Amino acid sequence: MSRIAESLIPEARLTDLNREEMSRYSRHLLLPEVGLEGQKRLKASRVLIVGTGGLGAPLALYLAAAGVGVIGLADFDTVEVSNLQRQIIHSQRDVDRPKVASAQDRLKSLNPQLKVVTYNLRLTSDNALSILKEYDVVADGTDNFPTRYLLNDACVFLGRPLVYGSIYQFEGQASVFQAGRGPCYRCLFPTPPSPGLSPSCGEAGVMGVLPGIIGCIQAAETIKLILGGAETLAGRLLLFDAWLMKFTELSIERDPACPVCGEQPTITELIDYEHFCGLNREETGPPVESLTALELKARLDRGDQLQIIDIREPHERAVFKFPGGRAMPFGQIIRRKEEFDPSVDAVFICKVGQRSLFAIRSLREAGYQGRLFNLKDGLNSWARDVDPSLPQY
Amino acid sequence: MITVLIPTALRSFTERQGAVQLEAGTVGQAVAALAENYPDLKQHLYDDQGQLRSFVNLFVGGRNVKTLEGLATPLAEGETLTLVPAIAGGRDA
Ligand SMILES: [Zn+2]
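Residues numbered from 1 in each chain as written. Chains lettered and ligands numbered in written order. Predicted model: local features only at pLDDT ≥ 70, side-chain atom pairs only at ≥ 80, totals over all residues. Heavy atoms only, no water.

Draft legend 1. Fine view of the overall build of chain A. When helices and strands are counted, chain A shows 14 helices and 13 strands. By principal-axis analysis of the C-alpha atoms, chain A measures approximately 80 × 50 × 40 Å. Counting across all 393 residues of chain A, residues that qualify as buried make up 55%. If you take every contact in chain A between residues at least 6 apart in sequence, the share linking residues at least 24 apart comes to 69%. Where the 44 positive side-chain charges of chain A centre and where its 48 negative ones centre are 4 Å apart. (Helix = DSSP H or I, 4+ residues; strand = E, 2+ residues; numbered from the N terminus. Buried < 20%, exposed > 50% of the residue type's maximum accessible area, 1.4 Å probe, protein only. Contact = heavy atoms within 4.5 Å. Lys, Arg positive; Asp, Glu negative; His and termini not counted. Charge placed at Lys NZ, Arg CZ, Asp CG, Glu CD.)

This is the structure in structure tokens:
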């Protein structure tokens, strides 16, 4: 199977460049691999970018600069101050605006010839196919598993290549999922991590420049799919570690047993991806007793004897310490379970109340008999409801 | 000795170690030894039935062990086993 892909854009759609476009794209026209014909293909191309965040920002900026004809932007979010550390398409003055509106303004000021179509909505099984089918290629700038599986399946059904990127802290992954040229995302990861088991990203942090690098790789792959003749990441998974500044290339293959792109697919239409990813389920595990921040405060004020276990990482505790909390990072709970006193109620605290929930379930599974409480919504709720002087980081 | 490369997403369960050296002749032995050495990691590698979870892929010599001999894939002295998890990052949730 050749890795060299033909252009996604048929001859029939190509139109001439005007003088202004000739000047603007001269550095492309000088490249034999692009040239006039390649630039016409870019002009005729339609790219959907899903997510206008860390990955979508550089993707959209470089595709707009490169002369892609139509860019669709799908995002339901608004710009927050904490986004500006990495989502360089948005600026301080855009805070609280819809991300797609902010991104559209920036792209249009960069390249007035560009046509931008905005979708200020969440992609769902109901709307995805009708939106995706208008585009030649889809770039995945999402930050969550339900949308990622939705995009994968929709792209398989529509026969659209999916330019994949994903990030975590200092590590990124990139690939191209294209039918006939390699696997899809599900070949690689048939099912997502359950919410409790997935390394929680909202609590994890990310180096701001990392999505910049991965997003630029996605932009390069998107442009190559449009131009044709290049060797893309189809059939290869690129891993990047910004801390070690190391790239690793892995070979990935289509799984004949894949439920969507395999020989006998069992998934032939879009499904409920929130459910598939274990979200919005009443029960994703055994029930856990919880305390709200105010209830915990009341018990502390009463002088109840409690073991307060702060399972955040040391660098998080450095932001602020919880008074009377005993530090025991999430990843050490099972190994150190003998340190707990089963005769005293234990309250587990973390940032948003997710890791603590999982810590409690793990401890139960490991046979711990004492009573365990989860601080509901974590220290963010404590900062909100009990001690507003604390930062919500 | 072989080396297991631990992705960032799982390092909080390996005392922040990015690379772990251990004795193993096959991929299955390596994963079992890893779970043994780091009990907090075990539930992220195996499900309740003791099956390897499908959101972590194992690569040896740049190839997915699914396309080799699975857990029976032999590991030569000095070889590297790379764990590649499904990741999704960015949003403050
Ligand atoms: Zn597949």
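Draft legend 2. Spotlight on the pairing of strand β8 (residues 246-251) of chain A. Of the strand pairs in this sheet, strand β7 (residues 236-241) of chain A and β8(A) are connected by six bridges, and their pairing is antiparallel. Considered in β8(A), the bridge of R236(A) is made with S251(A). (Pairing = 2+ DSSP bridges.)

Draft legend 3. Quick peek at helix α4 (residues 56-66) of chain A. All names here are of chain A. Taking burial as the measure, the eleven residues of α4 include nine buried ones, the bulk of the element. Turning to α4, its buried residues number three or more, namely G56, A57, P58, L59, A60, L61, L63, A64 and A66. Positive backbone phi, at 100°, marks G67, one or two positions downstream of α4.

Draft legend 4. Inspection of the coordination of the zinc ion at higher detail. All names here are of chain A. With distances of 2.3 Å, the protein atoms coordinating the zinc ion are C184 (SG), C187 (SG), C258 (SG) and C261 (SG). Classification of the site at the zinc ion as tetrahedral follows from its four donor atoms and the range of 93 to 119° in their angles at the metal. In the primary structure, the donors to the zinc ion are separated according to the pattern C-x2-C-x70-C-x2-C. Highlighted residues: C187 in helix α8 (residues 185-188) and C258 in the loop between β8 and α10 (273-276), separated in sequence by 71 residues. By relative accessible area, C187 is classed as buried at 3%. (Donors = N, O, S within 2.8 Å, 3.2 Å for Na, K, Ca; no water. Tetrahedral: all angles 85-135°; square planar, octahedral: opposite > 155°, others 65-115°.)

Draft legend 5. Broad picture of the pattern of salt bridges. Residue and element names in this part refer to chain A. Across all of its chains, the model carries 28 salt bridges over all chains by this definition. R186 is the partner of D153 in a salt bridge, and the nearest nitrogen-oxygen pair spans 2.5 Å. Here D153, found in helix α7 (residues 145-158), pairs with R186, found in helix α8; they are 33 residues apart in sequence, far enough to count as distant. Its salt-bridge partner being E263, residue R254 comes within 3.7 Å of it at the nearest N-O pair. On the basis of relative accessible area, R254 is assigned to the partly exposed category, the value being 37%. You can call E263 exposed: its relative accessible area is 55%. Where salt bridges share partners, they join R299, R302, D304 and D345 into one cluster. (Salt bridge = Lys/Arg side-chain N within 4 Å of Asp/Glu carboxyl O.)

Draft legend 6. Layout of the side chain of R148(A). The topology assignment puts R148(A) in helix α7. Beyond its immediate stretch of four places on either side in the chain, R148(A) contacts D140(A), T142(A), Y164(A), G165(A), S166(A), Y185(A), I87(B) and A88(B).

Draft legend 7. Structural context of the interface of chain A and chain B. Listed by partner, the interface residues are 46 residues for chain A and 33 residues for chain B. Carbon and sulfur atoms supply 52% of the area buried between chain A and chain B, which totals about 3,600 Å² over both sides. Between D241(A) and R11(B) there is a salt bridge whose closest N-O contact spans 3.9 Å. The tally of links between chain A and chain B comes to 16 residue pairs in polar contact (both at pLDDT 80 or more). At the level of secondary structure, the elements contributing two or more residues to the side of chain A that touches chain B comprise α7, β5 (162-168), β6 (171-177), α8, β7, β8 and α13 (355-365) of chain A. (Buried area = accessible area lost by both parts, 1.4 Å probe. Polar contact = N/O pair within 3.5 Å; in protein donor to acceptor, adjacent residues only side chain to side chain.)

Draft legend 8. Structural detail: the packing of aromatic side chains. All names here are of chain A. Applying the stated rule across the entire model yields 15 aromatic pairs over all chains. Ring centres of F170 and W243 lie 4.7 Å apart, and the angle between their planes is 55°; this geometry places the pair in the tilted category. Placement of the pair is F170 in the loop between β5 and β6 and W243 in the loop between β7 and β8, with a sequence separation of 73 residues. Classification of F170 as partly exposed rests on a relative accessible area of 26%. On the basis of relative accessibility, which here comes to 63%, the residue W243 falls in the exposed class. With a centroid separation of 6.0 Å and an interplanar angle of 65°, the aromatic rings of F177 and Y185 are classed as edge-to-face. Considered together, F177 and Y185 belong to a single accessibility category, that of buried residues. Clustering of aromatic rings is evident, with ring pairs tying together Y149, Y164, F177, Y185, F189, Y273 and F276. Across from the ring centre of F76, 4.0 Å away, lies the NZ or CZ of R122, which sits over that ring. (Phe/Tyr/Trp six-rings, centres within 6.5 Å; stacked < 30°, edge-to-face > 60°. Lys NZ or Arg CZ within 6 Å of the ring centre and 35° of its normal.)

Draft legend 9. The arrangement of the pairing of strand β1 (residues 2-5) of chain B in detail. All names here are of chain B. Pairing of β1 with strand β2 (residues 19-22), which is carried by four bridges, proceeds in the antiparallel orientation. Its bridge partner being in β2, L5 is matched across the sheet by A19. Pairing analysis gives three bridges linking β1 to strand β5 (residues 80-85), with the strands arranged parallel. Bridge assignment links L5 to a residue of β5, and that residue is T82.

Draft legend 10. A look at the packing of helix α11 (residues 293-301) of chain A against helix α14 (residues 378-385) of chain A. Residues and elements named next belong to chain A. The geometry of α11 relative to α14 is characterised by a closest axis approach of 9 Å and an angle of 75° between their N-to-C directions. Judged on the interaxial angle alone, α14 and α11 are roughly perpendicular. Here A293, L294, L296, K297 and L300 of α11 come into contact with α14, specifically with S381, W382 and D385. For the contact of α11 with α14, the residue count by class is five nonpolar, one polar and two charged. (Axes fitted to C-alpha atoms, helices over the stretch in contact; angles between N-to-C directions. Parallel < 35°, antiparallel > 145°, perpendicular 65-115°, else oblique. Nonpolar A, V, L, I, M, F, W, Y, C, P; charged D, E, K, R; others polar.)

Draft legend 11. Structural detail: the sheet that holds strand β10 (residues 307-310) of chain A. Residues and elements named next belong to chain A. Pairing is parallel across the open sheet formed by five strands, whose spatial order is β9-β13-β12-β10-β11. The sheet terminates laterally at β9 (290-291) and β11 (326-327), the two strands that pair on one side only. Strands in contact with α13 are β12 (346-349) and β13 (372-375); relative to β13, the strand with the most contacts, it is inclined by about 165°.

Draft legend 12. Structural detail: the nonpolar core. Ranked by internal contacts, the top residues of the largest apolar core, which has 76 residues, are F348(A), L22(B), L34(B), L81(B) and L83(B). Split by domain, the residues of this core number at least three in each of domain 1 (4-276) and domain 2 (289-385) of chain A. Each residue touching L81(B), except ones within four places of it in the same chain, is listed here: T3(B), V4(B), L5(B), V27(B), A30(B), V31(B), L58(B), F59(B) and V60(B). The next biggest cluster of nonpolar side chains, apart from the first, holds 44 residues, and it includes I167(A), L210(A), L225(A) and L233(A). (Core = buried A, V, L, I, M, F, W, Y, C linked by side-chain atoms within 4.5 Å. Domains from an automatic or database assignment.)

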